[in-house]
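# Analysis of the macromolecular model
Here is what each chain is made of, one letter per residue.
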Amino acid sequence: MSVEFRVTLLGTGNPSPSPDRFGPSTLVEAGGQRLLVDAGRGATIRLWQLGIPLSAINRLLLTHYHSDHTSGVPDLWLTGWLPPVWGSRKSPFRVTGPTGAKTLMTKLEEAYAADIAIRLADEKVPRDGIAVEVQEFDRDGIVYEKEGLKITAFEVDHGDAIKPCYGYRFDYRGRAAVLSSDTRYNENVIRYGTNADLLVHEVMAVRPALLGEPGIQHIMAHHTTPQEAGRVFSRTQPKLGVFTHLVLLASPRVPAMTIDDLVSATRETYDGPLVVGEDLMSFEIGENVTIRRFKAMPGPG
């Protein structure tokens, strides 16, 4: 039986090149539509593991322009155009994002112009499949509405210099999933996340011994602590709160906080349903939110 509304965490990591947590990327499936929020390192590999052809992504939604959220964009765009079954895109690559999306994609087209020209001449791949269509926005509002799915972008606060930065709310047949994007504790997340079935939120945590280091303080000033995230969950009351984009910093002398530590810190301010996300963990959204952990599937060819 197919699932009508599902969110899958493709990558739950940060800029660190970890083999366990790939770069930030989240797949949202609603009816027959598949949308990707950000394309960090390894997003295409995770789609392969799910058995989803890269060409099956109907639209890429970007939250902001930090490289850990966009380094997989050229891979998704270019590899999804190639002839094998895991590619073979024949229609334009569609991108929605805040101001800057057109510049990003235009520069990628320039950077890969030689590759595109060679493949057009040598492999006779369809020109329409490498075309790019970009939709930009610069304020809160609906950015996509089709076949019962409504997507609303809302501005968040990732720091004074990191603008624009947006989260997304997905409404489908009376259910809602909200992705915070990278943000400090922010009232807009609470506004758009209130009473969502699923609220996926970023988090950063370090041991007290590291809090005095200037570099750590600078990074923390751009993210949400477990206690702050707990307050977000307490105020929004989702059916399930989920952590992604885990920033658990360490040093040679101080280890990273464990998942148990992270949960304990969150429990200081929140006692409701909570899951620490893992790569390829999915959430089926219906009357209840059902958690599925990944079981290997054959790749798409």
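Residues numbered from 1 in each chain as written. Predicted model: local features only at pLDDT ≥ 70, side-chain atom pairs only at ≥ 80, totals over all residues. Heavy atoms only, no water.

### Concerning the packing of aromatic side chains
The test is simple: Two rings from Phe, Tyr or Trp (for Trp, the six-membered ring) form a pair when their centres sit within 6.5 Å of each other. Planes less than 30 degrees apart are called stacked, planes more than 60 degrees apart edge-to-face, and all others tilted. A ring is considered to have a charge above it if a Lys NZ or an Arg CZ atom is located within 6 Å of its centre and within 35 degrees of its normal.
A full pass over the atoms with the stated rule returns 6 aromatic pairs. Three or more aromatic residues link up through ring pairs in this structure, and these residues are Phe137, Tyr166 and Tyr168. Sitting over the face of the ring of Phe22, Arg46 holds its NZ or CZ atom 3.6 Å from the ring centroid. Lying over the aromatic face of Tyr185, Arg231 brings its terminal NZ or CZ to 6.0 Å of the ring centre.

### Brief notes about the layout of surface pockets
Basically, it comes down to this: We place a 1 Å grid over just the protein atoms. Points where a 1.4 Å probe fits but has no way out form a cavity, open points with protein on both sides within 12 Å along at least 5 of 7 lines form a pocket, and any residue with an atom within 4 Å of a point lines it. Grid points are joined across faces, edges and corners, and a volume is the space filled by probe spheres set on the points. Any residue outside Ala, Val, Leu, Ile, Met, Phe, Trp, Tyr, Cys, Pro, Asp, Glu, Lys and Arg is labelled polar, Gly included; the first ten of those are nonpolar and the last four are charged.
If you add up the space inside the second largest pocket, you get close to 210 Å³. In this structure, the second largest pocket is lined by 13 residues; those nearest its centre are Pro15, Ile219, His223, His245 and Val247. Considered class by class, the residues forming the lining of the second largest pocket number 5 nonpolar, 6 polar and 2 charged.

### What about the pairing of strand E7 (residues 141–146)?
Our working rule: Pairing between two strands is assigned when DSSP locates at least 2 bridges connecting them. A run of H or I in DSSP becomes a helix once it reaches four residues, and a run of E becomes a strand once it reaches two; helices and strands are each numbered from the N terminus.
As defined by bridge partners, E7 adjoins strand E8 (residues 149–155) across 5 bridges and the pair is classed as antiparallel. In the sheet register, Glu145 faces E8, and the bridge partner there is Lys150. Adjacent in sequence and paired antiparallel, E7 and E8 are bridged by 2 residues, among which Glu147 carries a positive phi angle near 50°.

### Notes on empty space enclosed by the protein
Evaluated as defined, the whole model comprises 2 cavities of 30 Å³ or more. Here the largest cavity is characterised by a volume of approximately 160 Å³. Lining the largest cavity are 17 residues, with Pro24, Thr26, Asp38, Ser181 and Thr244 positioned closest to its centre. Listing elements by their share of the lining of the largest cavity, those giving two or more residues are strand E2 (25–30), strand E11 (198–205) and strand E12 (240–248). Here the lining of the largest cavity is composed, by residue class, of 4 nonpolar, 10 polar and 3 charged. Here the second largest cavity defines a volume of roughly 30 Å³. Along its surface, the second largest cavity is lined by Ile57, Asn58, Arg59, Leu60, Arg89, Pro92, Phe93 and Arg94. Counted by class, the lining of the second largest cavity contains 4 nonpolar, 1 polar and 3 charged residues.

### Considering the confidence of the model for the protein chain
Convention followed: The predictor reports its confidence for every residue as pLDDT, a score running from 0 up to 100.
Scored by pLDDT, the protein chain has a mean of 96; 98% of the residues are at 70 or more. For the protein chain, the element scoring lowest by mean pLDDT is helix H7 (residues 214–220), at 91; strand E4 (residues 59–61) scores highest, at 99.

### As for the pattern of salt bridges
The test is simple: Salt bridges, as used here, are contacts in which a Lys or Arg side-chain nitrogen is within 4 Å of a carboxyl oxygen on Asp or Glu. Only protein chains enter the calculation, and the probe is 1.4 Å; a residue is then buried if its accessible area is under 20% of its type maximum, exposed if over 50%, and partly exposed in between.
As enumerated under the stated definition, the model contains 21 salt bridges in all. We note a salt bridge from Arg184 to Asp157, for which the minimum N-O separation is 3.0 Å. Within this pair, whereas Arg184 is found in the loop between strand E10 (175–179) and helix H6 (187–193), its partner Asp157 is found in the loop between E8 and strand E9 (166–172), the two being separated by 27 residues in sequence. Under the relative-accessibility criterion, Arg184 is labelled partly exposed at 22%. Across the pair Glu284 and Arg292 runs a salt bridge whose closest N-O atoms are separated by 3.2 Å.

### Comments concerning unusual backbone geometry
Along the chain, Lys163 connects to Pro164 via a cis peptide bond; the corresponding omega equals 5°. Relative to the helices and strands, Pro164 is located in the loop between E8 and E9. We note that Lys124 has phi near 55°; this positive angle belongs to a residue other than glycine. Mapped onto the elements, Lys124 comes out in the loop between helix H5 (113–122) and strand E6 (132–137). Take Lys124: its relative accessible area is 64%, and that puts it in the exposed class.

### Examining the packing of helix H8 (residues 226–236) against helix H9 (residues 259–266)
Keep this limit in mind: Inter-axis angles, ranging from 0 to 180 degrees, are taken between N-to-C directions of lines fitted to C-alpha atoms, where helices are fitted over the stretch in contact. Roughly parallel here means an angle under 35 degrees, roughly antiparallel means over 145, roughly perpendicular means 65 to 115, and every remaining angle is called oblique. Crossing handedness is defined as follows: a turn of the near helix away from the far one that is anticlockwise and smaller than a right angle gives a left-handed crossing, while the clockwise case is right-handed. For this analysis, residues touch if any pair of their heavy atoms sits within 4.5 Å.
With their axes 7 Å apart at the nearest point, H8 and H9 run at an angle of 55° to one another. Relative to H9, H8 is oriented oblique. Read as a crossing pair, H8 and H9 show a hand that is right-handed. Between H8, through Pro226, Gln227 and Gly230, and H9, the contact on the second element is made entirely by Leu262, Ala265 and Thr266. The residue makeup of the contact of H8 with H9, split by class, is 3 nonpolar, 3 polar and no charged.

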